[in-house]
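Observations on the model geometry
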Amino acid sequence: MITTEQENLVRQEKNCPTKLHAKKIVQANKKNNNPTAVEISRLINDFNQGLLVEAKMRAIKLTQIFPNHGMAWKVLGVIHHHEQSMEKAGEALKTAAALMPKDAEVHYNLANFYCDSNQLEAAKAGYQKAIKLAPGLAKAHFNLAHVLKDLKQFTSAETSYRKGLKLEPQQA
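Conventions and cut-offs
Residues numbered from 1 in each chain as written. Predicted model: local features only at pLDDT ≥ 70, side-chain atom pairs only at ≥ 80, totals over all residues. Heavy atoms only, no water. 1 Å grid on protein atoms, 1.4 Å probe; cavity = no way out; pocket = protein on both sides within 12 Å on 5 of 7 lines; lining within 4 Å. Points joined across faces, edges and corners; volume = space filled by probe spheres on them. Helix = DSSP H or I, 4+ residues; strand = E, 2+ residues; numbered from the N terminus. Nonpolar A, V, L, I, M, F, W, Y, C, P; charged D, E, K, R; others polar. Axes fitted to C-alpha atoms, helices over the stretch in contact; angles between N-to-C directions. Parallel < 35°, antiparallel > 145°, perpendicular 65-115°, else oblique. Left-handed = near helix turned anticlockwise from the far one by under 90°. Contact = heavy atoms within 4.5 Å. Core = buried A, V, L, I, M, F, W, Y, C linked by side-chain atoms within 4.5 Å. Buried < 20%, exposed > 50% of the residue type's maximum accessible area, 1.4 Å probe, protein only. Salt bridge = Lys/Arg side-chain N within 4 Å of Asp/Glu carboxyl O. pLDDT = per-residue confidence, 0-100. Expected span 1.5 Å × (residues − 1).

Let us look at the layout of surface pockets. Empty space among the atoms becomes apparent when a probe as large as a water molecule is rolled across them. Each pocket or cavity is described by its volume, and for the second largest pocket that value is around 190 Å³. Around the second largest pocket, the lining residues are Ile-44, Phe-47, Asn-48, Met-71, Lys-74, Val-75, Val-78, Glu-105, Tyr-108, Asn-109 and Lys-139. Among the elements of the structure, helix H3 (37-48), helix H5 (70-82) and helix H7 (104-116) are those that each provide at least two residues to the lining of the second largest pocket. Looking at the lining of the second largest pocket, the element that brings in the most residues is H5, giving four residues. Counted by class, the lining of the second largest pocket contains six nonpolar, two polar and three charged residues.

Below, the structure is given as structure tokens:
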């Protein structure tokens, strides 16, 4: 049977009779400066299932053990933003963006933070970066349109809104 690396890690963890083996996996990955695929999967699953307390605890743990891995920073930033802990959200999302410069979603989330912090020029730049990385990200086009409207750049706002509608016509 052929399996993916992630499936192998899950199987190892499930079949692990002691915590010592799991500890060795974490230590081995710590040397690589990356969390395991299982750890990232659990973090993402907790977040996507709305288990924000669990996701926050996992994200904090991962940022402490692997401070140069962006995914945990990204999730932690979104959770802090959701909790209205704006200073912590900004720090986490900026860290994530620096560690994951080609991740459109992190730039979108950072732009949302800037927008909610009334930093409209920074929000505009963030949405534009997200769109450059993922042109099909309709929500970035819509949010950019709202920011451009607030900046009184009506022609550009209309263009961005139309691009969003082209991608998601059901939003009309």
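So that's the structure; there's more coming.
Close contact between H5 and helix H6 (residues 86-99) brings their axes to 7 Å; oriented N to C, the two are set at 155°. By the angle class used here, H5 and H6 are roughly antiparallel. Note on packing geometry: the crossing formed by H5 with H6 is left-handed. Mapping the contact onto sequence places Gly-70, Trp-73, Lys-74, Leu-76, Gly-77, Val-78, His-80 and His-81 in H5 and Met-86, Lys-88, Ala-89, Ala-92, Leu-93, Thr-95, Ala-96 and Leu-99 in H6. Of the residues belonging to the contact of H5 with H6, the class tally is nine nonpolar, five polar and two charged.

Counting 35 residues, the largest nonpolar core has Leu-43 and Tyr-127 as its most contacted members. Elements represented by at least two residues in this core include exactly H3, helix H4 (52-65), H5, H6, H7, helix H8 (120-133) and helix H9 (138-150). Those residues within four positions of Tyr-127 in sequence are excluded, and the remaining contacts are Tyr-108, Ala-111, Asn-112, Cys-115, Ala-140, Asn-143, Leu-144 and Val-147.

Moving on, we come to the pattern of salt bridges. Counting across every chain of the model gives six salt bridges. Residue Asp-46 is joined to Arg-58 by a salt bridge in which the shortest nitrogen-to-oxygen separation is 2.6 Å. Separated by 12 residues along the polypeptide, Asp-46 in helix H3 and Arg-58 in helix H4 bring together distant segments of the chain. Lys-56 is the salt-bridge partner of Glu-83, the closest N and O atoms lying 3.0 Å from each other. Residue Glu-83 is located in the loop between H5 and H6, and its partner Lys-56 is located in helix H4; the two are separated by 27 residues in the primary sequence.

The next subject is the confidence of the model for the protein chain. Counting all residues, the mean pLDDT for the protein chain is 85, and 81% of those residues have values of 70 or more. pLDDT under 50 marks residues 1-28. Its contacts with residues more than four places away, or in other chains, come to 18 contacts.

This brings us to unusual backbone geometry. A positive phi angle, close to 65°, is found at Gln-84, a residue other than glycine. The topology assignment puts Gln-84 in the loop between H5 and H6.

Residues three or four positions apart in an α-helix share a direction because the helix packs 3.6 residues into each turn. With 12 residues, H3 extends 16 Å between its outermost C-alpha atoms, agreeing within 8% with the 16 Å of an ideal straight helix rising 1.5 Å per residue. Taken together, the buried positions of H3 are occupied by Val-38, Glu-39, Ile-40, Leu-43 and Asp-46. One or two residues past the end of H3 sits Gly-50, with phi positive at roughly 80°.

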